[in-house]
Amino acid sequence: MQSIVPRMEILADQHHRTEALARLTHELREPLVAIRGTAQLMEAAAETLCGADANVVAANARRIMSWSHLMRRLLNTVDLYQYTPERLELIYRPTLIRADVIMPAIAQVQTYVVDRGFSPHNIRVGSFDDIPRIHIDRDRFEQVMFNLLSNTIKYYSGDRRSFRVNIGSARVGRWFQITVTDWGIGIDEDMRDAVFGDRVRGRQAVHHHVSGQGLGLWIVRLIVEAHGGRIWVESE
């Protein structure tokens, strides 16, 4: 009995923390909606202006919208942290991977790309003609692509003019395969499975002083496995 009571107290404490996090993310989403609405109003206002003023307002609106997307991703991360692949709730919708998932994710990282001094045109996407419309949770998969693209940007340490990312597809038997290829700092062979763990960071990331909490790839694995898929990394 003595061992059961502390266990019940721990579970109750975890439940209270989960509820507190849920309330916090809910409260943060409300002002986030207002911020995104303001950015949309700025975009509309820019269309009524001329010359340099229009460019400045439009650029600031895009920046605000981009960072609001990032904030939404962070809030989603807090929500996802409560789940395992078996418990993750999915909303399936017919989805075109290129148009409905990849291109929106690229649009969301544009500000990040420009801030690093990279060319957005160096993120190249294949035709994806070999993948038909499929039923997946579109929003969750958009987060998968956002996290992967964010990592390609974050972990690139070469000449900014040489930055590039290739996103391709292939059909392998009854499976559809999506590949994201970059030329970043690489991952040590013994870490290639571990990097998909909770709060795990590769030695190269630590060595190059790249900021992060080690959650991005864990969330990617969580979403992919919840769909019955798998993810892996190859590094040279």
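Residues numbered from 1 in each chain as written. Predicted model: local features only at pLDDT ≥ 70, side-chain atom pairs only at ≥ 80, totals over all residues. Heavy atoms only, no water.

Asks: Summarise the nonpolar core; cite the residues concerned and give the values.
Replies: Core analysis: the largest hydrophobic core is formed by 39 residues, its most contacted members being I102, I123, L149 and I167. Per-element accounting of this core gives the leading share, eight residues, to helix α6 (residues 216-226). Setting aside residues up to four positions removed in sequence, L149 forms contacts with A105, I106, V109, I123, V165 and I167. (Core = buried A, V, L, I, M, F, W, Y, C linked by side-chain atoms within 4.5 Å. Buried < 20%, exposed > 50% of the residue type's maximum accessible area, 1.4 Å probe, protein only. Helix = DSSP H or I, 4+ residues; strand = E, 2+ residues; numbered from the N terminus. Contact = heavy atoms within 4.5 Å.)

Asks: Describe the pattern of salt bridges, naming the residues involved and giving the relevant values.
Replies: For the structure on display, the rule yields five salt bridges. Here R93 ties to D139 by a salt bridge, and the two come within 3.5 Å at their closest N and O atoms. Of this pair, R93 sits in strand β1 (residues 92-95) while D139 sits in helix α4 (residues 138-154), and the two are 46 residues apart along the sequence. By relative accessible area, which is 32% here, R93 ends up partly exposed. Since its relative accessible area comes to 44%, D139 is described here as partly exposed. In this structure, the salt-bridge partner of D100 is R138, at a minimum N-O distance of 3.8 Å. With D100 in helix α3 (residues 97-115) and R138 in helix α4, this pair connects stretches of sequence that are 38 residues apart. (Salt bridge = Lys/Arg side-chain N within 4 Å of Asp/Glu carboxyl O.)

Asks: Account for the sheet that holds strand β2 (residues 123-125), naming residues and giving values.
Replies: Ordered by their spatial adjacency, three strands build an open sheet running β2-β4-β5, and the pairing between neighbours is mixed. For this open sheet the edge positions go to β2 and β5 (175-182), each flanked by a neighbour on one side alone. Sheet twist, expressed as the mean angle between neighbouring strand axes with direction ignored, is 20°. Taken together, the three bridges between β2 and strand β4 (residues 165-172) define a ladder with parallel strand orientation. (Pairing = 2+ DSSP bridges. Axes fitted to C-alpha atoms, helices over the stretch in contact; angles between N-to-C directions.)

Asks: Describe the pairing of β5, naming the residues involved and giving the relevant values.
Replies: By the bridge criterion, eight bridges tie β4 to β5 in an arrangement that is antiparallel. Within the sheet, the bridge partner assigned to R171 lies in β5 and is F176. Between β4 and β5, which pair antiparallel and follow one another directly, the connecting turn spans two residues, one of which, G173, has a positive phi of 65°.

Asks: Break down the environment of W67 for me, citing the residues and quoting the values.
Replies: Note on placement: W67 falls in helix α2 (residues 51-80). Residues W67 and V109, 42 residues apart in the sequence, show an inter-C-alpha distance of 9.1 Å.

Asks: Describe α3, naming the residues involved and giving the relevant values.
Replies: Along its 19 residues, α3 runs 27 Å from first to last C-alpha, staying within 8% of the 27 Å computed at 1.5 Å per residue. Of all the bends in α3, the largest measures some 45° and sits at V109. Residues of α3 that are buried include every one of I97, D100, V101, I102, A105, I106, Q108, V109, T111 and V113, and no others. Where α3 ends, the next residue or the one after it, G117, has phi of about 85°, a positive value. (Expected span 1.5 Å × (residues − 1). Bend = angle between axes of the 7 residues up to and from the residue.)

Asks: Residue-level account of the packing of α4 against α6, with values.
Replies: As a packed pair, α4 and α6 sit with axes 9 Å apart at the nearest point and diverge in direction by 150°. As the angle between them shows, α4 and α6 are arranged roughly antiparallel. As α4 runs across α6, the sense of the crossing is left-handed. Contacts from R140, F141, Q143, V144, N147, L148 and N151 in α4 reach G216, L217, I219, V220, I223 and V224 in α6. In the contact of α4 with α6, the residues fall into eight nonpolar, four polar and one charged. (Parallel < 35°, antiparallel > 145°, perpendicular 65-115°, else oblique. Left-handed = near helix turned anticlockwise from the far one by under 90°. Nonpolar A, V, L, I, M, F, W, Y, C, P; charged D, E, K, R; others polar.)

Asks: With reference to specific residues and values, describe the packing of α3 against α4.
Replies: Two elements in contact, α3 and α4, have axes separated by 8 Å at closest approach and are oriented at 40°. Here α3 is positioned oblique relative to α4, judged by the angle of their axes. Helix-helix and strand crossings are classified by hand; for α3 and α4 the assignment is right-handed. Along the contact surface, α3 presents D100, V101, I102, P104, A105, I106, Q108, V109, Y112 and V113, while α4 presents R138, F141, E142, M145, F146, L149, S150, I153 and K154. Taken together, the residues that form the contact of α3 with α4 break down as 13 nonpolar, two polar and four charged.

Asks: Mind laying out the side chain of T111, listing which residues take part and the relevant values?
Replies: On the secondary structure map, T111 appears in helix α3. The contact partners of T111, leaving out residues within four places of it in the chain, are R62, R63, S66 and W67.

Asks: Run through the packing of aromatic side chains, naming residues and quoting values.
Replies: The geometry of an aromatic ring pair is captured by the separation of the ring centres together with the interplanar angle, meaning the angle of the planes. Within the structure shown, the criterion is met by three aromatic pairs. Seen from their ring centres, F118 and Y156 are 5.5 Å apart, and the 85° between their planes marks the pair as edge-to-face. In this pair, F118 sits in the loop between α3 and β2 while Y156 sits in the loop between α4 and β4, placing the two residues 38 residues apart along the sequence. For F118, a relative accessible area of 6% gives the class buried. Judged by centre distance (5.5 Å) and plane angle (75°), the rings of Y156 and F163 are edge-to-face. No difference in accessibility class separates Y156 from F163, as the two residues are buried. These aromatic residues form a ring-pair network of at least three members: F118, Y156 and F163. Between the NZ or CZ atom of R164 and the centre of the ring of W183, over which it lies, the distance is 3.7 Å. (Phe/Tyr/Trp six-rings, centres within 6.5 Å; stacked < 30°, edge-to-face > 60°. Lys NZ or Arg CZ within 6 Å of the ring centre and 35° of its normal.)

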